[in-house]
Amino acid sequence: MIRSEILRDIAPILRDQLVICNIGLPSQELHMIDDQPTNFYMLGTMGLSSSIGLGLALSQPKTVISIDGDGSVLTNLGTLPTIANNVADNYILLIIDNGSYGSTGDQPTYAGKKTKLEKVAEACGCENVVVCGGKDTGKALQAAIDSKKMTVIVVKCDSGNIKLPVITMDPVVIRDRFMKAVSA
Amino acid sequence: MNIDKKITDDLVANGISFVTTVPCKQLAGVIEEIDARDEIFHIPSNKEDEGMGLCAGAFMGGKRPAIIMQNTAIGVTINTLATLIQYYRMPLPMLISYRGELREPVACQVEMAIHTKALLAEMNVPTYHFHHQRDVEELDAILKYTFMCNKPVAILTDANFWGGYGDQ
Ligand SMILES: [Mg+2]
């Protein structure tokens, strides 16, 4: 399974949660599949989806899901110790690990070679780290939501992209709409 | 006047309840004071762009955030300032240790100091420079200004402001 198929699969679960969605194709795909006011689309700033999501989870009680990629987590690897040491049980980090930098043309990442992000997360002190295949993402995500325990999910899947348009929504509109959904 | 307590009091009085920090020798006292306050959630970050991401999330969660960092980190955070904090129009007070200014003992610190104000000006970040201890009197107004205009605002605090390094 590729990322867009996984997002299509889990869209009914994501719909009811606050979602911070990674820059590039992940945001474009989620926007096309199921645009919701509860989605915060990152239009820039590679690597910070997990940090934005953690800050949000620590600041209000609703469940927050950060959708991240293997390349983005590698860009901001310092995020994992911060997550581990500041436990927010309403926070889920969903890493779609396709072993490649999808948005830039599927160049391989080190996560697709010798580096195992799930082991990095565990070594950083993350207590609930789950690894699953693409087709089990929905099950793992729903279990993490129901557990009310901070969870890092690493989804091992195939690389590959679909053609789709960029997001033209104004960033301040995305942010304002999202903040109203957060406080609703 | 205890400067660390005064700064922390101003943060609390302005409703700032989420502070991320990357340490600096000059900021040690204020970071310690922030960490001790019940009104503030203190979350150390490993890098300043990560810290700005945390602040962006906290702001969208209804909290007033702030970041405490060194001026060398301006070099780390240009992209995050432009594409996250400014692009989505979010307020962010940045209390910055301005290393490499008068009374600086470490020569390499000067190399980023000479670029600091130019970079902030290029980014259109409103910038205030605390050089004398009495300059802290403006902090309250600067914080109100930051949350009025929803912009990142830089407060550069140099060695003279902090009273030197103690070893000179
Ligand atoms: Mg990837």
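Residues numbered from 1 in each chain as written. Chains lettered and ligands numbered in written order. Predicted model: local features only at pLDDT ≥ 70, side-chain atom pairs only at ≥ 80, totals over all residues. Heavy atoms only, no water.

Draft legend 1. Spatial organisation of the environment of T20 of chain B. All names here are of chain B. Assignment of secondary structure puts T20 in strand 1 (residues 16–21). Linking T20 and L54, residues 34 residues apart in sequence, is a C-alpha distance of 7.7 Å. Apart from the residues lying within four places of it in its own chain, the contact partners of T20 are I43, P44, S45, G51, L54, C55, A66, I67 and I68. (Helix = DSSP H or I, 4+ residues; strand = E, 2+ residues; numbered from the N terminus. Contact = heavy atoms within 4.5 Å.)

Draft legend 2. Up close: the interface of chain B and chain A. If you look at the interface, chain B gives 26 residues, while chain A gives 29 residues. Counting the surface lost from both chain B and chain A, the interface buries some 2,100 Å², and carbon and sulfur atoms represent 65% of this. On the chain B side of the contact with chain A, E50, M60 and Y88 of chain B bury the most area, a combined 34% of that side's loss. Applying the counting criterion to the chain B and chain A interface returns zero salt bridges. Joining chain B to chain A, the criterion identifies eight residue pairs in polar contact (both at pLDDT 80 or more). Only strand 2 (41–44), helix 3 (48–60) and helix 4 (74–86) of chain B provide two or more residues apiece to the side of chain B that touches chain A. For the side of chain B that touches chain A, the element with the most residues is helix 3 of chain B, which contributes nine residues. The residue makeup of the side of chain B that touches chain A, split by class, is 13 nonpolar, nine polar and four charged. (Buried area = accessible area lost by both parts, 1.4 Å probe. Salt bridge = Lys/Arg side-chain N within 4 Å of Asp/Glu carboxyl O. Polar contact = N/O pair within 3.5 Å; in protein donor to acceptor, adjacent residues only side chain to side chain. Nonpolar A, V, L, I, M, F, W, Y, C, P; charged D, E, K, R; others polar.)

Draft legend 3. Examining the pairing of strand 2 of chain B more closely. All names here are of chain B. Note that strand 1 and strand 2 share four bridges and pair parallel. Following the sheet pairing, T21 is matched in strand 2 by P44. The β-α-β motif built from strand 1, the intervening helix 2 (residues 28–36) and the parallel element strand 2 has right-handed crossover chirality. (Pairing = 2+ DSSP bridges. Right-handed = clockwise from strand over helix to strand, strands pointing away.)

Draft legend 4. Broad picture of the side chain of D34 of chain A. Here D34 of chain A is to be found in helix 2 (residues 25–34). Apart from residues no more than four positions distant in its own chain, D34 of chain A is found in contact with A11, R15, N39 and Y41 of chain A.

Draft legend 5. Fine view of the nonpolar core. Core analysis: the largest hydrophobic core is formed by 84 residues, its most contacted members being F40 and I67 of chain A together with M60 and M94 of chain B. Ignoring sequence-local partners within four residues, the contact set of F40 of chain A consists of V19, I20, C21, I52, I174, R175 and F178 of chain A together with M60, Y88 and M90 of chain B. Judged by nonpolar contacts, the second largest core, of 24 residues, contains V19, V30, F130 and I142 of chain B. (Core = buried A, V, L, I, M, F, W, Y, C linked by side-chain atoms within 4.5 Å. Buried < 20%, exposed > 50% of the residue type's maximum accessible area, 1.4 Å probe, protein only.)

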